[in-house]
Amino acid sequence: MIDPTKSQVVADWKHDRPLISCRVDPQSRFLFVAGEEGALSRFSLTDGARTPMPGGHETWVWSVAVTPDGATVLSGGADGKLCWWESAAVEPKPIRSLPAHVGWIRAIVISPDGTLAATAGNDLVIRVWKVADGSLVREWTAATKDILTLLFHPQGQSLFSGDLMGVVKCWDVATGTEQATFDAGELHSFNEGQYVHFGGVRGMAMSPDQKTLVAGGLYKASNPLGNVHEPLVLRFDIESKKLLSKNLCDGIPNGSLWRLLFLSDGTLVGVCGGNSGGFLLFWKSDAEKDFFRFKLPNIARDVDLYPDGGHLATTHHDGHLRVTRITT
Amino acid sequence: MKCDYACHQPDHLLARRRFLGTLSAGFVAGGLGLLTAPAAAAQLAKDQKRVILFNMHGGLSQLESWDPKPGTDTGGPFRAIPTSVPGIHISELLPQTAQQMHHLCIARGVNTAEDDHGKGAYMMVTGRREMPGADYPKVGAVFAKALSAEAASLPGHILIAPWGGGSRGNDAAYLGPNFSSISLGNGKPPANTARPDSIAAASDDARNDFRRKVNERFLSRRRTAITDAYTHSYEQAHAMMRERDSFDVTKESPSDQSRYGSHDFGRHCLLARRLLERGVSFIQVVHSNYDTHNENFNFHFEQLGEFDRPFAAFVADLADRGMLDSTLIVVLSEFGRTPYVNHLYGRDHWSKAWSVLLGGARIPRGTAYGKTNERGMEVVDGQVDHASLFHTYLQAVGIDSLGHFVVDGREIPVADPAAKPVEGLLT
């Protein structure tokens, strides 16, 4: 039974470089992790044994995705390269590498049926690829500033993008045409003293009933360059596109949400990092404030949910990959 | 040091006569024998030496700009790209500037040993460490003093920053307020430089003639730096009213405005070019902000994405217009940023090993001087500091940095006498 108040770290595996992002194999065998060394690693969920995944990228890897069958991993780098990997290979190496974007690939998502992958990043373009052969299916310009995150609708026909300016758009995957816009502008700020755009939509998730879209990041950015800002989630009604409510977190003056996930019981989870520390934050749909927060041992940068729905994997600046059990 | 030359020292009396004699033409400025050789004075005037300084406010990361370390644990996510000079690579965030590298020179061995913003900034623009009881003129005041033509109708020391404006800086120390900066906040012309429509030109001239006569009578009995500055301000304002179009970048061609970009920094760079072409001796353009303790890479992507294109266009234009030999380009900060990446994807202050970009005048073209180690942690060759760089800037436009100003009869070294120019940065 899910009970975040009983959270505890049940596994802690160390890597030698700060970690960035992670995704869990839907077949519950592996964790795929990107670090600041510019390569992927594969960790065994059984014993935490690490298998290096060298090659593929010239520099840091920002984004990772795994197909629903667990057979294929895709990685997107700051070099603009999109790489395919056989997830269970004894000595993993890229099976395909494409110059997919100009500059960073910040987000990769795979369609629920596993046939398509969507990528986006600093070049403001969304590209849709066939997972099977790497062919480009469609591309379109989707933002005026960096695209930070993507989300496939569970039914696979729509794709959501979130950008630095706090704009969430819903796109028809079959045509690349815009279907809807959600105003998450509160997640963006332009600081008049520091002359920087900041924040943006850093994580999105859809509720299990598919009625609510959440967009998360930060607000109250009084000092963007100094990490003075608080986490914020905006909840939208998907049908009307209207803002329903906000989720806040008191007492975290230096934090940003990096990813949002819904648990099967409708609880929203956010992973938070910043000078205030690393947290897993938990909200109920009917409450503004988090009902529980789990302090992680180090600043956190990404989170993914195990297929069992009861464990969360998090990546940390201290090079640790931690697994937190959230069930009784 | 207070600038109060009611002392009637002979050099000031001479300056006063020059001043009064040139009031109708503009305002007084001019060097005090600082040229490297007397014969060079005529040449300098002919060449109209100028200086442009880009101040990357907050501390530009050398690793995301002039000294990338790709593939190392300090390198960050951005790659290095080749430039127009074989063997010299800079960050991929500066692709347009990379194509102008044959005009430029990177000093990669800067070690200023000062990680405080205010102190570092002071050092980089005065060439000296801050000391209690001493104040030194900022680089712009020094160049305005040494390079500005006496008959110039525009100020010799201009600051273009995203903020402020309309005021005169307090940055000339003992050189006197005449050489303080005129601030063009966000590139706007100085305030109140348009003659009101209700005042006819003839009436305005008559008013000013009367004011000059009254001033002259007053100054014949009592003259101080303050009264000079007061008078000078009027004359400068009057001159600037006549030259108001100099501050209007919309007078530049649409294609140039497009090349420089529609954002503020692009407009500021184009304004700087326009003012240099009109004889302004020193311009500082501030680009802000690079103090990226948090999310260094996102912010450098944003800021350098804005900087690259107009800066590269500016360098190319100076070269195309034959102004590069007479114009020194400096791109500096108060310090660099830490090679290690912190837990916020940020970089903190780092003054032990960073870079300054130079170009034009006597600076060697298409070179990288100095070197940091593999991870960018320390200088391993060609170390320079704020003081030696300050000497170098001066020498690059023909000013004897080993000379001195005479203030109240006292000789004050133009630059830190304990330092000297970096010969490797001069041709």
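As shown above, the structure is provided for reference.
Nothing here was measured: the structure is a model prediction, and the numbers come from that model. (Residues numbered from 1 in each chain as written. Chains lettered and ligands numbered in written order. Predicted model: local features only at pLDDT ≥ 70, side-chain atom pairs only at ≥ 80, totals over all residues. Heavy atoms only, no water.)

Some words on the overall build of chain A
Logical step 1: Secondary structure assignment for chain A yields zero helices and 30 strands.
Logical step 2: Relative to its length of 328 residues, chain A is compact, with a C-alpha radius of gyration of 18 Å against a globular reference of 20 Å.
Logical step 3: Judged by the C-alpha coordinates and their principal axes, chain A covers about 45 × 45 × 40 Å.
Logical step 4: Per-residue burial for chain A yields a buried fraction of 65% across its 328 residues.
Logical step 5: Taking contacts inside chain A between residues at least 6 apart in sequence as the whole, the part at least 24 apart equals 48%. (Helix = DSSP H or I, 4+ residues; strand = E, 2+ residues; numbered from the N terminus. Rg over C-alpha atoms; globule rule 2.2 N^0.38 Å. Buried < 20%, exposed > 50% of the residue type's maximum accessible area, 1.4 Å probe, protein only. Contact = heavy atoms within 4.5 Å.)

Notes on the overall build of chain B
Logical step 1: For chain B, the helix and strand inventory stands at 11 helices and 16 strands.
Logical step 2: In chain B, which comprises 427 residues, the proportion classed as buried is 60%.
Logical step 3: In chain B, the proportion of contacts linking residues at least 24 apart, taken out of those at least 6 apart, comes to 73%.
Logical step 4: Total accessible area computed for chain B in this model is approximately 16,300 Å², and 52% of it derives from carbon and sulfur atoms. (Areas by Shrake-Rupley, 256 points an atom, 1.4 Å probe, with all protein chains shown as cover.)

Some remarks on the sheet that holds strand 23 (residues 243-247) of chain A
All names here are of chain A.
Logical step 1: Strand order across the open sheet formed by four strands is 20-21-22-23, with antiparallel pairing between neighbours. The strands lining the two open edges of the sheet, one partner per strand, are strand 20 (203-206) and strand 23. Each neighbouring strand pair of the sheet contributes to a mean axis angle of 25°, computed without reference to strand direction.
Logical step 2: As paired strands, strand 21 (residues 212-223) and strand 22 (residues 228-237) are joined by nine bridges and run antiparallel to one another. In the strand pairing of strand 22, Ala215 is matched with Leu234. (Pairing = 2+ DSSP bridges. Axes fitted to C-alpha atoms, helices over the stretch in contact; angles between N-to-C directions.)

As for the interface of chain B and chain A
Logical step 1: On the side of chain A, 31 residues touch chain B, which itself brings 26 residues to the contact.
Logical step 2: Around 2,500 Å² of area is buried between chain B and chain A when both sides are counted, 54% of it from carbon and sulfur atoms.
Logical step 3: The largest per-residue losses of area from chain B upon contact with chain A belong to B:Arg79, B:His343 and B:Tyr345, which jointly make up 27% of the total buried on that side.
Logical step 4: A salt bridge links B:Glu295 to A:Arg202, with the shortest nitrogen-to-oxygen separation between them at 2.7 Å.
Logical step 5: Across the chain B-chain A interface, the total number found is 14 residue pairs in polar contact (both at pLDDT 80 or more). (Buried area = accessible area lost by both parts, 1.4 Å probe. Salt bridge = Lys/Arg side-chain N within 4 Å of Asp/Glu carboxyl O. Polar contact = N/O pair within 3.5 Å; in protein donor to acceptor, adjacent residues only side chain to side chain.)

Things to note about the side chain of A:Arg106
Logical step 1: Following the sequence through the fold, A:Arg106 ends up in strand 10 (residues 105-110).
Logical step 2: Within polar-contact distance, the side chain of A:Arg106 engages the side chain of A:Asn122 at 2.5 Å.
Logical step 3: A distance of 3.2 Å separates the side chain of A:Arg106 from the side chain of A:Asp146, its partner in a polar contact.
Logical step 4: The residues touching A:Arg106, leaving out its near neighbours within four places in the chain, are A:Trp62, A:Ser63, A:Ala120, A:Gly121, A:Asn122, A:Asp146, A:Ile147, A:Leu148 and B:Asn298.

With respect to the environment of A:Ala300
Logical step 1: With respect to the helices, strands and loops of the structure, A:Ala300 is situated in strand 28 (residues 300-305).
Logical step 2: It is 28 Å that separates the C-alpha atoms of A:Ala300 and A:Gly193, two residues lying 107 residues apart in sequence.

Digging into the side chain of B:Thr193
Residues and elements named next belong to chain B.
Logical step 1: Here Thr193 is to be found in the loop between strand 6 (182-185) and helix 6 (201-219).
Logical step 2: Among the polar contacts listed, one links the side chain of Thr193 to the backbone oxygen of Pro190, at a separation of 2.8 Å.
Logical step 3: Here the side chain of Thr193 touches Arg244 through a polar contact of 2.4 Å, side chain to side chain.
Logical step 4: For Thr193, the contacting residues outside a window of four places in its chain are Met240, Met241 and Arg244.

Focus on the packing of aromatic side chains
Logical step 1: Summed over all chains, the structure comprises 27 aromatic pairs over all chains.
Logical step 2: With a centroid separation of 6.0 Å and 10° between ring planes, the pair formed by B:Phe143 and B:Phe282 is classed as stacked. With a gap of 139 residues between them, B:Phe143 in helix 5 (residues 139-147) and B:Phe282 in strand 7 (residues 282-288) connect regions that are remote in the sequence.
Logical step 3: Assessed through its relative accessible area of 0%, B:Phe143 is described here as buried.
Logical step 4: Cluster of aromatic residues (ring-pair linked, three or more members): A:Trp60, A:Trp62, A:Trp104, A:Trp258, B:Phe78, B:Phe297, B:Phe301 and B:Tyr345.
Logical step 5: One Lys or Arg, B:Arg128, reaches over the ring of B:Tyr136 and ends 4.1 Å from the middle of that ring. (Phe/Tyr/Trp six-rings, centres within 6.5 Å; stacked < 30°, edge-to-face > 60°. Lys NZ or Arg CZ within 6 Å of the ring centre and 35° of its normal.)

Things to note about the environment of B:Ser181
Logical step 1: In this fold, B:Ser181 is placed in the loop between strand 5 (157-161) and strand 6.
Logical step 2: According to the relative accessible area criterion, B:Ser181 is buried, its value standing at 2%.

Some words on the state of the cysteines
Throughout this description, disulfide means a covalent bond between two cysteine sulfur atoms.
All names here are of chain A.
Logical step 1: Enumeration over the complete set of coordinates arrives at zero disulfides over all chains.
Logical step 2: For the unlinked cysteine Cys249, the closest cysteine sulfur is that of Cys272, found at 6.3 Å.
Logical step 3: Look at Cys249 and you get buried, because its relative accessible area is 2%.
Logical step 4: What makes Cys272 buried here is its relative accessible area of 0%. (Disulfide = S-S within 2.5 Å.)

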